[in-house]
Number of protein chains: 2
Amino acid sequence: MLPGPTIAAMAFLMGLTLRRGAGHTQRMCAAERDDPGGVTAARLTALLCAFAPGDECLGASELARRTGLPKSSVHRLLGHLVTHGLLERDGGAVRLGLKLFEIGQLAVRGRGLVDAARPYLADLREATRNTVHLAVLEGTEVVYLDIVRGPDAPALPSRIGGRFPAHATAVGKAILAHSPGSQLEAVISAGLPRVGPRTLTAPGLLRRQLTRVCEEGVAYDREESGAGVVCVASPVLDGSGRARAAVSISGWSNRVRAERVAPAVRTTALTLSRTLP
Amino acid sequence: MLPGPTIAAMAFLMGLTLRRGAGHTQRMCAAERDDPGGVTAARLTALLCAFAPGDECLGASELARRTGLPKSSVHRLLGHLVTHGLLERDGGAVRLGLKLFEIGQLAVRGRGLVDAARPYLADLREATRNTVHLAVLEGTEVVYLDIVRGPDAPALPSRIGGRFPAHATAVGKAILAHSPGSQLEAVISAGLPRVGPRTLTAPGLLRRQLTRVCEEGVAYDREESGAGVVCVASPVLDGSGRARAAVSISGWSNRVRAERVAPAVRTTALTLSRTLP
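Residues numbered from 1 in each chain as written. Chains lettered and ligands numbered in written order. Predicted model: local features only at pLDDT ≥ 70, side-chain atom pairs only at ≥ 80, totals over all residues. Heavy atoms only, no water.

- The name that an unreviewed UniProt entry assigns to chain A is IclR family transcriptional regulator, with the source organism given as Amycolatopsis dongchuanensis.

As structure tokens, then:
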């Protein structure tokens, strides 16, 4: 069972996806009117991005509604996407094609990171019995590359390939504290939306906390991403001390003593920093 | 270190990818000449499919060579793909965008299968110390949805999102034996190419073996996919007894007694069949 604010966070993330879809349509109509190839590219992308977590199959009408495209265009473009295997027909509806999963697996920056990290994440999960995340920063959000769920952890709304606002997560803060200042400024400019009961929404507070994260090598999320949840993260660094990713564990805030598990998380992150290709 | 025939298998798979790319270009030139939207869709797909395992970044010239498209078209289309986040610029070259990873994660048929299977695959790896695969059938090939590598197993060329000819693998044979006959006929029509030293290349032999797999619920690959490697697989079945996927373990053929680990693999597959949503 998910606590109320976690459901609110999920709704927030769904909203992000939908708004992102709408943005696509607007950009397309304005900037690319004079370039038919560009229009097609924008429309195809909008159709692929219209699928949200939990959508197995979508019909042409629903896709037309989500993308704002005329239904006749949607029908024609779906035909092309099916021909090339990016979508698959399922009765009268379509679903994302397995080919997108295959291409998507090649898209992970340094696929080696996920492969190399996997046994270490399993060890951390084994040692703490909580849920382990591996994430990277993408703009103002983190994207989860891998998740190993633990038996003692709450059911979290995070999913592999899913996103979350960086400032509201321990992994996001661990990465931001070890990244060029411009990335933090971009996050602050995006407005620090409230996601959990204790999300840091004041820029000054976030800046001060990140200074400490940079010194200690560990970031905490105490009910900032969701009610009742605590997370502890540490950055995976490259040779120049910049964060490539972050590792975290998440558990119930009334059961996990964050400071006690921090050394385990940091050990895993340091090991990864040392061993990664 | 990979044994020679395993490297041959990798080259075979790379060839498949390249040939598939070339097929795209041909289809595009023939059937879609009268439909500019279709041409753009075909070209965009060809560009995305031109990336192979191990390619981090590709330049426009290399992409033009691989797809057979004019370099001027490649330049223009890359611009569109970058605008929409499907590709990302890296110096003068491009790489697949993280957005493709995100979309790709939504493309796994019944994403629930992978999530639900994960702890069971970890248990099987723990119990056998060999490498565990979860795969589905896609046409005449299997696609690996998840891999948990074991400490005692050889370095295999399989990767998450990667493909392998179904008839040459234990997972492929486990699925084919519990699928409609038309799927086996499609595999046989594709020619049963030799991949490992003992690949079954005779249709009659394959048919007889699959009858036994159907009776026993377990399929073996004894150096059929690569030299020195043995695999044992069992199908994950839906309510009507059809295979949705298969689970396998892979190890060194001189260390693993296939018949001894078969009950463990089948137990995991039966548990998954029972618990899957």
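What about the overall build of chain A?
1) Next: Summing up its helical and strand segments, chain A has 10 helices and 8 strands in all.
2) Next: The proportion of buried residues among the 277 residues of chain A is 56%.
3) Next: Across chain A, contacts joining residues at least 24 apart in sequence account for 56% of those joining residues at least 6 apart.
4) Next: Summed over all atoms, the accessible surface of chain A reaches about 11500 Å², with 54% contributed by carbon and sulfur. (Helix = DSSP H or I, 4+ residues; strand = E, 2+ residues; numbered from the N terminus. Buried < 20%, exposed > 50% of the residue type's maximum accessible area, 1.4 Å probe, protein only. Contact = heavy atoms within 4.5 Å. Areas by Shrake-Rupley, 256 points an atom, 1.4 Å probe, with all protein chains shown as cover.)

Overview of the relation of the copies chain A and chain B
1) Next: Between the two copies, chain A and chain B, the superposition gives an RMSD of 0.1 Å; the rotation angle is 180° and the shift along the axis is 0.0 Å. Taken together, the rotation angle and the small translation identify this as a two-fold axis. No C-alpha of chain A approaches the rotation axis more nearly than that of A:Gly104, which lies at 2.4 Å.
2) Next: Here 100% of the contact residues of chain A are again contact residues in chain B; the copies associate through an equivalent surface. (Least-squares fit on C-alpha atoms with pLDDT ≥ 70 in both.)

Considering the packing of aromatic side chains
Given two aromatic rings, one states the distance between the centres and the angle between the planes to describe the pair.
1) Next: In this structure the tally under the stated criterion is 0 aromatic pairs over all chains.
2) Next: Over the face of the ring belonging to A:Tyr220 we find A:Arg222, whose NZ or CZ atom lies 4.7 Å from the ring centre. (Phe/Tyr/Trp six-rings, centres within 6.5 Å; stacked < 30°, edge-to-face > 60°. Lys NZ or Arg CZ within 6 Å of the ring centre and 35° of its normal.)

What about the interface of chain A and chain B?
1) Next: Counting from both sides, the interface comprises 52 residues of chain A and, opposite them, 53 residues of chain B.
2) Next: At the surface where chain A touches chain B, the tally comes to 4 salt bridges.
3) Next: The salt bridge partner of A:Glu102 is B:Arg163, with a shortest N-O separation of 2.7 Å.
4) Next: Run the count over chain A and chain B and you get 8 residue pairs in polar contact (both at pLDDT 80 or more).
5) Next: Of all elements in the fold, only helix H1 (4-31), helix H2 (36-49), helix H4 (71-83), strand E2 (93-96), helix H5 (98-106), helix H6 (111-128), strand E3 (131-138) and strand E4 (141-148) of chain A reach the threshold of two or more residues within the side of chain A that touches chain B.
6) Next: Looking at the side of chain A that touches chain B, its residues break down into 23 nonpolar, 13 polar and 16 charged. (Salt bridge = Lys/Arg side-chain N within 4 Å of Asp/Glu carboxyl O. Polar contact = N/O pair within 3.5 Å; in protein donor to acceptor, adjacent residues only side chain to side chain. Nonpolar A, V, L, I, M, F, W, Y, C, P; charged D, E, K, R; others polar.)

Digging into the pattern of salt bridges
1) Next: In total, this model carries 34 salt bridges over all chains according to the counting rule given.
2) Next: For B:Glu138, the salt bridge goes to B:Arg163, with nearest N and O atoms at 3.8 Å. Of this pair, B:Glu138 sits in strand E3 (residues 131-138) while B:Arg163 sits in strand E5 (residues 163-165); the two residues are 25 residues apart in sequence, bridging distant segments of the chain.
3) Next: Sharing partners across several salt bridges, the network here consists of A:Asp55, A:Glu62, A:Arg65 and A:Arg66.

A word on the sheet that holds strand E8 (residues 243-252) of chain B
1) Next: If you walk across this open sheet you meet the 6 strands as E5-E4-E3-E8-E7-E6 (chain B), and the pairing is antiparallel. The open sheet has two edge strands, E5 and strand E6 (219-222) of chain B, and neither has a second partner. Each strand of the sheet is rotated relative to its neighbour by a mean of 30°, with strand direction disregarded.
2) Next: Direction of pairing for strand E7 (residues 229-237) of chain B relative to E8(B): antiparallel, over a ladder of 9 bridges. Bridge pairing in E8(B) places B:Val229 opposite B:Trp252.
3) Next: Strand contacts of H5(A): E3, strand E4 (141-148) and E5 of chain B, with the helix running at about 50° to E4(B), the strand carrying the most contacts. (Pairing = 2+ DSSP bridges. Axes fitted to C-alpha atoms, helices over the stretch in contact; angles between N-to-C directions.)

A short note on the sheet that holds E4(A)
Residue and element names in this part refer to chain A.
1) Next: Spatially, the 6 strands line up as an open sheet ordered E5-E4-E3-E8-E7-E6, and their pairing is antiparallel. Both edges of this open sheet fall to strand E5 (163-165) and strand E6 (219-222), since each of them pairs with a single strand only. Within the sheet, the average angular offset between the axes of one strand and its neighbour, ignoring direction, is 30°.
2) Next: Here E3 runs beside strand E8 (residues 243-252); their pairing, made up of 5 bridges, is antiparallel. Residue leucine 134 lies in a different strand from E8, and its bridge partner there is valine 247.

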